[in-house]
Amino acid sequence: MIMMKKIVSIQDISCFGKCSLTVALPIISAMGIETAVIPTAVLSTHTGEGFSGYTFRDLTSDIPAIADHWKKMGLSFDALYTGYLGSQEQVEIVSQLFNDFGKSGTFIIVDPVLGDAGKLYKGFTNDFVVKMKKLCSRSDFMLPNMTEASFLLDIPYTESYDEAYIRDILMRLADLGCKVPVITGVHYDDKLQGAAAYDSEKDRFYFSFDKNVNQRFHGTGDIFSSVFSGACTLGMNIQKALDISVRFTLDCIEATIPNIKETWYGSCFELCLGKLIGYVNKNSSCI
Ligand code: PXL
């Protein structure tokens, strides 16, 4: 008998421009995991490059009532997975959700969505970064890109680095309090791109690389984080989880290139969900 796993994903709904919940829901569901959601805000589009004039409805004040109802129902989850959070207050409230639903054995997975290409996304300040750092300190897994890692560690962002630098950054992220930091979008040259992780309890590093097709589409970080969250929740080891997350993210980028409208519309991950199901089935023997 298969025991179904259950994740709650806590992030915004951007109604257009595939990212956050509109990516996490289909991807984690395709992996055979029940996906509950706490929407933190509703936006007409994401706030990244390419869109302006978006609407933003903050749902912070709804979150405690949702949590209270769930506590009365005695709900529990195999993983809590957070993404884009819209305000400092929201980060505090999400931290409270970790107390309420983070029982022992529940993974806490924080994607500290802050920025990309060396810059913070619109609306984020240094105070917000400090709050996000505190949230990361409570995580089993944190999933920053290089921009986010640099802001969290308060070091200059660089596009030129080597493996020794990545190892150092991973250990510094673990010093924040996270058990297994993962850095996404790692590339030492134009040929390969992937991700790196550090298990601070075992003092072990993990790397996974695939082809670098030198194309950026909005939302690929959310694709990676959703697959990684699903893979860990299914019980895959860190190397397997990295491998399928890197592979699937590349599949999505490759599927988008011939279908491209604008890079900020997001990637055509829908065309690749069948492959993802295949990766999960193939790896279920390694779980
Ligand atoms: O993909 C991350 C993300 C999620 N949600 C919103 C965003 C972004 C990045 O720009 O603006 C609303």
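An account of the accompanying structure is given in this report. Quick caveat, the model's predicted, so the values are computed rather than measured.

### Quick word on the overall build of the protein chain
When helices and strands are tallied, the protein chain shows nine helices and 11 strands. Against the compact-globule benchmark of 19 Å for 287 residues, the protein chain has a radius of gyration of 17 Å, which places it among compact chains. The C-alpha extent of the protein chain, read off along each of the three principal axes, is 50 × 50 × 40 Å. Evaluated residue by residue, the protein chain yields a buried proportion of 52% over its 287 residues. Contacts in the protein chain between residues far apart in sequence, at least 24 positions, make up 68% of those at least 6 positions apart.

### Some words on the pairing of strand E2 (residues 34-45)
Pairing analysis gives nine bridges linking strand E1 (residues 6-16) to E2, with the strands arranged parallel. Looking across to E2, one finds that Gln11 is bridged to Pro39. Handedness of the β-α-β unit built from E1, helix H1 (residues 21-30) and E2 comes out right-handed. In this structure, E2 lies alongside strand E3 (residues 56-58), joined through three bridges in antiparallel fashion. Bridge assignment links Ala41 to a residue of E3, and that residue is Asp58.

### A closer look at the packing of H1 against helix H9 (residues 273-283)
Relative orientation of the contacting elements H1 and H9 amounts to 40°, with a least axis distance of 9 Å. Taken as axis vectors, H1 and H9 run oblique relative to one another. Taking contact as the criterion, the partners of Pro26, Ile27 and Ala30 in H1 are, on H9, Leu273, Leu276 and Ile277. Per-class residue counts for the contact of H1 with H9 are six nonpolar, no polar and no charged.

### Some details on the sheet that holds strand E10 (residues 192-199)
What links the strands of a sheet is backbone hydrogen bonding, and the strands pair in either a parallel or an antiparallel sense. The strand order E3-E2-E1-E4-E5-E8-E9-E10-E11 describes an open sheet built from nine strands, whose pairing is mixed. The sheet is open, and its two edges are formed by E3 and strand E11 (204-211), each paired on a single side. Here strand E9 (residues 180-186) pairs with E10 via three bridges, running antiparallel. Bridging from a neighbouring strand, Ile183 pairs with Ala196 of E10. Most of the contacts of helix H6 (residues 163-175) go to E9, to which it runs at about 140°, and overall it touches strand E8 (141-142), E9, E10 and E11.

### Some thoughts on the pattern of salt bridges
Using the criterion set out here, one finds 13 salt bridges in the structure. For Lys131, the salt bridge identified is with Glu92, shortest N-O distance 3.3 Å. With Lys131 in helix H4 (residues 126-136) and Glu92 in helix H3 (residues 88-101), this residue pair connects regions lying 39 residues apart in the sequence. Residue Lys131 is classed as partly exposed on the basis of its relative accessible area of 23%. Arg172 serves as the salt-bridge partner of Asp168, at 3.2 Å between the closest nitrogen and oxygen. On the criterion of helical spacing, the pair formed by Asp168 and Arg172 is a turn pair, its members being four residues apart in helix H6. On the accessibility criterion, Asp168 (30% relative accessible area) is partly exposed.

### A few points about the nonpolar core
If you look at the biggest cluster of nonpolar residues, it comprises 46 residues, and the most contacted ones within it are Val8, Leu85, Met132, Leu135, Ile166 and Ile183. When residues of this core are assigned to their parent elements, the largest contribution, six residues, is made by H3. Every residue in contact with Leu85, bar those within four places of it in the chain, is listed here: Ile10, Thr40, Gln90, Val91, Val94, Phe124, Phe128, Met132 and Leu135.

### Here we look at the site of the ligand
As a structural note, the neighbourhood of the ligand is formed by 13 residues, with Asp12, Ser14, Thr47, His218 and Asp222 the closest of them. Note that a nitrogen atom of the ligand is positioned 2.8 Å from one of the side-chain N or O atoms of Asp12. Here an oxygen atom of the ligand and a side-chain polar atom of Asp222 are 2.7 Å apart. Surface burial for the ligand is 98%, taken as the share of its 310 Å² of free accessible area covered by protein chains.

### Digging into the packing of aromatic side chains
Centre distance and the angle of the planes are the two values used to describe a pair of aromatic rings. What the rule picks out here adds up to 15 aromatic pairs. When the ring of Phe77 is compared with that of Phe101, the centres are 5.9 Å apart and the planes differ by 75°; the resulting orientation is edge-to-face. Here Phe77 is found in the loop between helix H2 (63-73) and strand E4 (79-82), whereas its partner Phe101 is found in helix H3, with 24 residues between them in sequence. Taken together, the aromatic side chains of Phe107, Phe141, Phe224 and Phe228 make up a single cluster linked through ring pairs. Above the ring of Phe77, the side-chain terminus of Lys6 is found at 5.6 Å from the ring centroid. Its end group placed over the ring of Phe205, Arg167 keeps NZ or CZ at 4.6 Å from the ring centre.

Thresholds, definitions, all that
Residues numbered from 1 in each chain as written. Predicted model: local features only at pLDDT ≥ 70, side-chain atom pairs only at ≥ 80, totals over all residues. Heavy atoms only, no water. Helix = DSSP H or I, 4+ residues; strand = E, 2+ residues; numbered from the N terminus. Rg over C-alpha atoms; globule rule 2.2 N^0.38 Å. Buried < 20%, exposed > 50% of the residue type's maximum accessible area, 1.4 Å probe, protein only. Contact = heavy atoms within 4.5 Å. Pairing = 2+ DSSP bridges. Right-handed = clockwise from strand over helix to strand, strands pointing away. Axes fitted to C-alpha atoms, helices over the stretch in contact; angles between N-to-C directions. Parallel < 35°, antiparallel > 145°, perpendicular 65-115°, else oblique. Nonpolar A, V, L, I, M, F, W, Y, C, P; charged D, E, K, R; others polar. Salt bridge = Lys/Arg side-chain N within 4 Å of Asp/Glu carboxyl O. Core = buried A, V, L, I, M, F, W, Y, C linked by side-chain atoms within 4.5 Å. Near = heavy atom within 4 Å. Polar contact = N/O pair within 3.5 Å; in protein donor to acceptor, adjacent residues only side chain to side chain. Areas by Shrake-Rupley, 256 points an atom, 1.4 Å probe, with all protein chains shown as cover. Phe/Tyr/Trp six-rings, centres within 6.5 Å; stacked < 30°, edge-to-face > 60°. Lys NZ or Arg CZ within 6 Å of the ring centre and 35° of its normal.

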